Every structure is written in C-alpha cells, then in structure tokens.
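Residues per chain are reported as follows:
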Amino acid sequence: MSTPNQEYVQRFGLLPRFLHFLVIVSFLTLAVTGMALKFAAEEWAGAVAELFGSFEVLGNLHRFCAVITFTYFGLNLFLLWQNWQKSGKSFIGFILDPEGLVPSAHDVKELVSTYKWFLGLGPQPRYGRWTYWEKFDYMAVFWGVAVIGSTGLCLWFPETFTQIIPGYWLNIATIIHSDEALLASGFIFTIHFFNTHLRPEKFPMDPVIFTGTVPLDELIHERPREYDQLVASGQLEQVKCPPAPRWLFVTAHFFGLTALTIGVALVLSIIYTMIFVYAK
C-alpha cells in the first residue's frame, strides 16, 4: 500500500492493462479446460468437468477463450501500430529499438550481468523499461498464438482444413497443440510467476499490471536506466500520477492471487499426472 507523500508514476495505460486481463482470463481458462480434456481419464480431470457441468462444456469454454485469444492478439497488433505511429521512427527503427520489446544484443549483455550479480561477481544491472525476461515473455505470445492457435483451428474445423492438408496432419496438429500448450502452461505457471510475483522483492505479487502505477522510489531502484531516461527527456513529471485507489489495489491482489493459486494447482496436477499416472 502507498505511504503518505509517496510519489507514483504511470507505467501502463488502460489498454495494455485490459489486454493483460484478457490474457490472464483466457489463458487460465484454456489451460484448465485444455488440461482436463487432455487428461480426461484422470480423476482430477473428471472433477473439473463435473465442476463446470461436463466435458462438452469444457470444450465450448475452450473454443470461446480461443476467440478471446485471437481478439487480444489483434488488439495487441493495433497497440503496436499505435505506438509505432507515435514514435516517429521508421518501422525497422521501431522494431529494432533497444528500449523496445524485441530482444537485442543489449539484452544478452544484461542477461550475463544478471547472472554475475546473482553470483556476487558484479553490481545489479541497470534495467530499463523492459527487462530481458519480460521481452521473452512478450515474444512468447507471438509464437504461442501462431503454433497453438493454428493447430487449434485445424482441430476446430477439420473438414475445412483437410481440404487443404492431408488428414493425417490432424494427428500431428493434435500432438503439437497439446504439447506446446503443456509447455506454455508449465512456463507461465512457474518461470513467469516466479520472475514477476514470487521473487523476494515482489512476493506475494506485483500489482503494477493491474493498477498501472508504481512508486517512484521502486522505479528508481528496479529500473534506474528508465528513470534516467525519463529525467533526461523531461518526461518524468508527465508520468507522475496519484496512487491507485484502495479498491483497485485490493481487487488486483484478490484477482492476481486467485490466478496464482489456480496456476500453481494446475502445475501440481500436471506433475502428479506425469509422475504417478503416466509413469505406470
């Protein structure tokens, strides 16, 4: 919570926060329904189906959230186009901007510096607007939607796609769709959760993607390069803002911790199934 006279800055506007909300809701639902369908013979999957009504309901929810996924992906492309127009840069210059979301050589240096810092061999890197792990998470959405989305469409509309591709490709699509989704769920619910919410500085969660604001002293400590750039460009005063209202702060924590709990429970269910059921 905020303390008296604490200054805040705006890190995320309404559209990016709304898009992340759609990502959370759709991804969690896709993961829960998809894993229950994948492991349909298991007792826990049957309990999930019973909770929602039936396996048919799970399938319908899965397809509905696939539509949400394609929607937020399209909105994200619109947001990128909007930011490109505002930047005044060429398209290549915008994409290759080291301070943008596309990984660059600087991120490799920052990755090495981070491990040196972990090992006590160097100072904490001076992170900027986006860290290398945030860029990786962001780019993962692109290949995730491309791979999982395209194979999912093949399975959703098999009659249409088998007019273009051989029928046995649907078997390949099933394996790719299922295993890539398993990989994505494992990554999000472990690596992303830890990097974003469960590391000591943020535990039990970082609400910035929900509230959009962060204390100024936190920005200076965690992202000193971004702070220096804001000062040098004269934009610091423009991004200063009041703290998020208490109701938003409380709602963000309730929603975020619920998502964290569901994700961790799903990972444990997958691990249990892999070790004690598939290993038999």
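Residues numbered from 1 in each chain as written. Predicted model: local features only at pLDDT ≥ 70, side-chain atom pairs only at ≥ 80, totals over all residues. Heavy atoms only, no water.

Empty space within the second largest pocket amounts to approximately 600 Å³. Around the second largest pocket, the lining is made up of 24 residues, and of these Thr114, Phe118, Tyr132, Trp133 and Asn195 lie nearest the centre. Mapped onto the lining of the second largest pocket, the elements with two or more residues apiece are α5 (105-118), α6 (132-156) and α8 (169-198). Looking at the lining of the second largest pocket, the element that brings in the most residues is α5, giving six residues. (1 Å grid on protein atoms, 1.4 Å probe; cavity = no way out; pocket = protein on both sides within 12 Å on 5 of 7 lines; lining within 4 Å. Points joined across faces, edges and corners; volume = space filled by probe spheres on them. Helix = DSSP H or I, 4+ residues; strand = E, 2+ residues; numbered from the N terminus.)

For the rest of this paragraph, the subject is the pattern of salt bridges. Under the counting rule described, the total for this entry stands at 15 salt bridges. A salt bridge links Arg223 to Glu134; the shortest N-O distance between them is 2.7 Å. Of this pair, Arg223 sits in the loop between α10 (216-222) and α11 (224-233) while Glu134 is found in helix α6, placing the two residues 89 residues apart along the sequence. Close ionic contact of Lys202 with Glu218 constitutes a salt bridge, the shortest N to O distance being 2.4 Å. Here Lys202, found in the loop between α8 and α9 (208-211), pairs with Glu218, found in helix α10; they are 16 residues apart in sequence, far enough to count as distant. Look at Lys202 and you get buried, because its relative accessible area is 6%. One salt-bridge network, in which partners are shared between bridges, spans Lys202, Asp206, Glu218 and Glu222. (Salt bridge = Lys/Arg side-chain N within 4 Å of Asp/Glu carboxyl O. Buried < 20%, exposed > 50% of the residue type's maximum accessible area, 1.4 Å probe, protein only.)

Turning our attention to the confidence of the model for the protein. Confidence in the prediction for the protein averages 91 pLDDT; 97% of positions are at 70 or higher. Summarising per-element confidence for the protein, the mean pLDDT is lowest in helix α13 (residues 246-277) (87) and highest in strand β1 (residues 8-10) (96). (pLDDT = per-residue confidence, 0-100.)

As for its position among the elements, Asp206 is in the loop between α8 and α9. Between the alpha carbons of Asp206 and His253 there is a distance of 8.5 Å; along the sequence they are 47 residues apart. In contact with Asp206, not counting residues within four places along its chain, are Thr196 and His197. Within the local environment of Asp206, its side chain forms a polar contact with the backbone nitrogen of Val208, the two atoms lying 3.1 Å apart. (Contact = heavy atoms within 4.5 Å. Polar contact = N/O pair within 3.5 Å; in protein donor to acceptor, adjacent residues only side chain to side chain.)

The subject of this paragraph is the sheet that holds strand β2 (residues 213-215). The strand order β2-β1-β3 describes an open sheet built from three strands, whose pairing is antiparallel. With partners counted over all chains shown, the strands left at the sheet margins are β2 and β3 (240-241), one partner each. (Pairing = 2+ DSSP bridges.)

Here α5 is 14 residues long and its end C-alpha atoms lie 20 Å apart, about the 20 Å a rise of 1.5 Å per residue gives. Asp107, Glu110 and Thr114 are the residues of α5 that are buried. Looking down the long axis of α5, one finds its buried residues gathered within 55° of arc, a one-sided arrangement. Exposed residues pointing more than 90 degrees away from the buried face of α5 are listed as Ala105, Val108 and Lys109. In this structure, the buried residues of α5 make contact with α6 and α11. Count one or two residues on from α5 and you reach Gly120, which has phi positive near 75°. (Expected span 1.5 Å × (residues − 1). Arc of directions from axis to C-beta.)

Before going further, it helps to examine a nonpolar patch on the surface. Residues Val264, Leu268, Ile271, Tyr272, Met274, Ile275 and Phe276 make up a contiguous nonpolar surface patch of roughly 660 Å² in combined accessible area. Along the chain, Ile271 turns up in helix α13. On the basis of relative accessibility, which here comes to 41%, the residue Ile271 falls in the partly exposed class. (Patch = residues over 30% accessible without salt bridge, like charges linked within 9 Å, V, L, I, M, F, W, Y side chains within 5 Å. Areas by Shrake-Rupley, 256 points an atom, 1.4 Å probe, with all protein chains shown as cover.)

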